[in-house]
Amino acid sequence: MKRLIQRVAALTAALCVAAACVAPVYAETANTEKPFDLDDNAVRWVNDTFNAMTQEEKIAQLFVDMLWNDTGKQTAALLGRYPSGGLRYNNRKPRELYRQNAAAQKNSRIPLLIAANVEAGGNGAMTGGTKIGEGIACAATGDTRSAYEMGLYGCREAAAVGCNWTFAPVVDIDRNWRNCVIPTRCFGSDPDTVLEMALAYMKGANEAGVACCMKHFPGDGCDDRDQHIVTTVNDCTCEEWDASYGKVYQGMIGAGVPSIMVGHIQQPAYSRKLRPGIRDEEIMPATVAPELLQGLLREKLGFNGLIITDATHMVGLTGKMRRSEFLPIAVQSGCDMILYYRDHDEDLRFMWEGLESGQLTQERLDEAVLRVLAFKAMLRLHEKQRTNALMPAEEGLSVIGCPEHRAAAARIIDRSITLVKNSRAQLPITPQAHKRAILYSVSSVSLAARVLGKADKAREYLAQELEKQGFSVEVYRLNPFKYLTPKGINGKKVLADIPVLEFRKKYDVVFVIADVQSFSTTNERNLHWSIPMGPEIPWYAAEKTTVFISVANPFHLYDVPMVPVCINTYNGSREAIRQAVEKITGKSEFKGNSPVDAFCGMWDTRL
């Protein structure tokens, strides 16, 4: 234990020295350059506000707090004690969020950044917001207008409840089909497509008056693991990185993206290049890697905007360093804002102690605060505060879920649904030729939860839409109590109750729907069947016409290579399922093209 403590102390000292060596002096001219482009009045507000701030206010300005269903009174009390620079919140009904955010702005001396994850539409900003389309769905349409509408309509809805900052677009690149974090969130595997779609999203967000924060530097999509539970690695060589992730970042920076979120992701090649002699144990996630934040992002790529950490309670960061150390070191390394307190008093104390110990210099603290203020001035928050216009009119909430937005979502669904495989030319499938259907499903809803009544929504939507088209549908529901033994469910008995000849006689077609959306709890997104050799596993693919539909992961063919028909909808909504059924029955054509290798590089998945 003593040796471990010494090693951590040595590493911390090395990081502090590295950060101090590369941290530039913040020049006031940075306020008037891209991406802030402030005029004289805005620069004056930044300087006047900064000069009037106490040290306590400066430190608090570094934090983005998280609200959890607070009342206006609770919000006012919280901000009175901890005057944070920004807020995120737990999604809830629009009117409740509007009043919460209004209370937050009213009780803040310095106007607040209010953020939401508008990655796929207004559903990331409130309960009941319009899901315009996942990133991969937009890319599958082959039309940048899809990403533009996702940014425009999603951010319009977010702005209606007072948001001014979107933690999007996701500019990660899917280089590893096993990745469990970004398979539908990103715009695919091609850097040019990712850049084009991200630029279109930013154009839409800007028109809605919401600032973008692209993520997750230095780039997710190489490692198959999740930063919520482990530190991950971008293993590109410097040359590979420059031609892929670097190309996207450079393009977005050139177009004026104002903020970047840093992932808890290591990039060993550039850490070694920019810090010659660095030892493996000194290679840190970008959040606390000054060579990546200052040397690569600021100097090589020329980014002058605001840098914010990803959530600091993720194990990708906490597993590398003590919180008391990484909070000040993250700022010293180049981050301007910290995403989320863990404990308000503790985290503020850690920052104070970092200043006292030299882990964080006053110069670097001041630079970060100036960037936060410049970002706010770029959004004209100081002018809106003066004219009492930080919040839009409450009547504007009517835009949320409006017909125009729903129509855009439906268009994207229509153009994105992808027929990945039809190897036996079995489509179209109609109730006239295949009346009797059995429906199996695999989802993130556990067997126990299903028994207790938790709905498998995608399965229920599919059953209902098939019935509307004239199919006679039997939804398979395993009764675990019927087959339960002291050693668990008797799978052999389950299968014995489904004789093959009887199955072939009883059904004309088999539908299988997969809705696997595990996130931040596992390092994989593969299919998990209910029991060993369970009834829903495609043993029937050689017996009957079989259609497999995935709504949340484009790579499930790896798990079911035997199915002759595979469809990716990228969306589990009722509208997506309705349109998928129309395409299966030949009433609408398949228009989407996969932005990733849905065959997972395997030859047998194509058979």
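Above this text is the structure in question.
Residues numbered from 1 in each chain as written. Predicted model: local features only at pLDDT ≥ 70, side-chain atom pairs only at ≥ 80, totals over all residues. Heavy atoms only, no water.

Peer 1: Hey, could you run me through helix 24 (residues 574-584) in this one?
Peer 2: Note: α-helices contain 3.6 residues per turn, so residues at a spacing of three or four share the same orientation. For helix 24, the set of buried residues is A576, I577, Q579, A580, V581, K583 and I584. Taken together, the buried residues of helix 24 touch helix 18 (403-416), helix 20 (457-469), strand 16 (509-515), strand 17 (545-550) and strand 18 (565-568). Where helix 24 terminates, the next one or two residues include G586, which has phi positive at roughly 85 degrees. (Buried < 20%, exposed > 50% of the residue type's maximum accessible area, 1.4 Å probe, protein only. Helix = DSSP H or I, 4+ residues; strand = E, 2+ residues; numbered from the N terminus. Contact = heavy atoms within 4.5 Å.)

Peer 1: I tried to follow the nonpolar core on my own but got confused; where do I start?
Peer 2: What tends to happen in soluble globular proteins is that the nonpolar side chains get buried as a cluster. In this structure, W165, F217 and I308 are the most contacted members of the largest nonpolar core, which totals 140 residues. When residues of this core are assigned to their parent elements, the largest contribution, 10 residues, is made by helix 16 (residues 362-378). Residues in contact with I308, not counting those within four places in the same chain, are V64, W165, F167, C213, I260, M261, V262, M337 and L339. Grouped together as the second largest cluster of nonpolar side chains are 28 residues, I429, A458, V581 and I584 included. (Core = buried A, V, L, I, M, F, W, Y, C linked by side-chain atoms within 4.5 Å.)

Peer 1: Explanation requested: the sheet that holds strand 17 in the structure shown.
Peer 2: Backbone hydrogen bonds hold the strands of a sheet together, and the pairing may be parallel or antiparallel. Reading across from one edge, 11-18-17-16-12-13 is the order of the six strands in this open sheet, with mixed pairing throughout. If you trace the sheet from one side to the other, it starts and ends with strand 11 (418-422) and strand 13 (472-475), each paired once. Adjacent strand axes in the sheet meet at a mean angle of 20 degrees, parallel and antiparallel pairs treated alike. (Pairing = 2+ DSSP bridges. Axes fitted to C-alpha atoms, helices over the stretch in contact; angles between N-to-C directions.)

Peer 1: Sorry if this is basic, but what is going on with the pattern of salt bridges here?
Peer 2: Side chains that differ in sign of charge can pair as their charged atoms come close. A full pass over the atoms with the stated rule returns 41 salt bridges. Taking the shortest distance from any N to any O, the salt bridge between D345 and R81 comes out at 3.4 Å. Within this pair, whereas D345 is found in helix 15 (residues 344-357), its partner R81 is found in helix 4 (residues 72-81), the two being separated by 264 residues in sequence. Of the residues examined, D345 reaches a relative accessible area of 40% and is grouped as partly exposed. Classification of R81 as exposed rests on a relative accessible area of 57%. Residue K203 is joined to E207 by a salt bridge in which the shortest nitrogen-to-oxygen separation is 2.8 Å. Taken together, the residues K203 and E207, both in helix 8 (residues 191-207) and four residues apart, mark about one turn of the helix. In this structure, a network of salt bridges that share partners links the residues R298, D336, R364, E367 and R371. (Salt bridge = Lys/Arg side-chain N within 4 Å of Asp/Glu carboxyl O.)

Peer 1: So what exactly am I meant to see when it comes to a negative patch on the surface here?
Peer 2: On the surface, a cluster of negative charge is contributed by D235, E239, E240 and D242. Relative to the helices and strands, E240 is located in helix 9 (residues 238-243). On the basis of relative accessible area, E240 is assigned to the partly exposed category, the value being 38%. (Patch = residues over 30% accessible without salt bridge, like charges linked within 9 Å, V, L, I, M, F, W, Y side chains within 5 Å. Areas by Shrake-Rupley, 256 points an atom, 1.4 Å probe, with all protein chains shown as cover. Lys, Arg positive; Asp, Glu negative; His and termini not counted. Charge placed at Lys NZ, Arg CZ, Asp CG, Glu CD.)

Peer 1: Honestly, the sheet that holds strand 10 (residues 337-339) in this entry has me stumped. Any pointers?
Peer 2: Strand order in this closed barrel of eight strands is 1-2-3-4-5-7-9-10, and the pairing throughout is parallel. Where strand 2 (residues 86-89) lies against strand 3 (residues 113-116), two bridges are found, and the strand directions are parallel. Residue L87 lies in a different strand from strand 3, and its bridge partner there is I114. Each of strand 5 (211-217), strand 7 (259-262) and strand 9 (306-311) touches helix 12 (residues 290-300); the most contacted strand, strand 5, lies at about 125 degrees to it.

Peer 1: Teacher, can you tell me more about the environment of W352 here?
Peer 2: Here W352 is to be found in helix 15. For W352 and G601, which are 249 residues apart along the polypeptide, the C-alpha to C-alpha distance reads 51 Å. Discounting chain neighbours no more than four positions away, the residues touching W352 are Q55, E56 and I59.

Peer 1: Help me out: how do you make sense of the pairing of strand 1 (residues 63-67) in this one?
Peer 2: Both faces of the sheet carry side chains from a regular strand, because those side chains alternate between them. Among the five residues in strand 1, five count as buried, and that is most of the element. Alternating residues of strand 1 divide into F63, D65 and L67 and V64 and M66, and every residue in both groups is buried. The pairing of strand 1 with strand 10 spans two bridges and is parallel. Bridged to V64 within strand 10 is L339. Here four bridges tie strand 1 to strand 2, and the two strands are oriented parallel to one another. Paired with D65 across the strands is L87, a residue of strand 2. Viewed along the sheet, the connection from strand 1 through helix 4 into strand 2 turns out right-handed. (Right-handed = clockwise from strand over helix to strand, strands pointing away.)

Peer 1: Please clarify how the packing of helix 7 (residues 144-160) against helix 18 should be interpreted in this entry.
Peer 2: When two helices pack together, their arrangement is given by the angle between the helix axes and the distance between those axes. Contact pair helix 7 / helix 18: the axes reach a minimum separation of 10 Å and the direction vectors enclose 150 degrees. Between helix 7 and helix 18, the interaxial angle falls into the category roughly antiparallel. The two elements helix 7 and helix 18 meet at a crossing, and its hand is left-handed. Along the contact surface, helix 7 presents S146, E149, Y153, R156 and E157, while helix 18 presents E404, H405, A408, R411 and I412. (Parallel < 35°, antiparallel > 145°, perpendicular 65-115°, else oblique. Left-handed = near helix turned anticlockwise from the far one by under 90°.)

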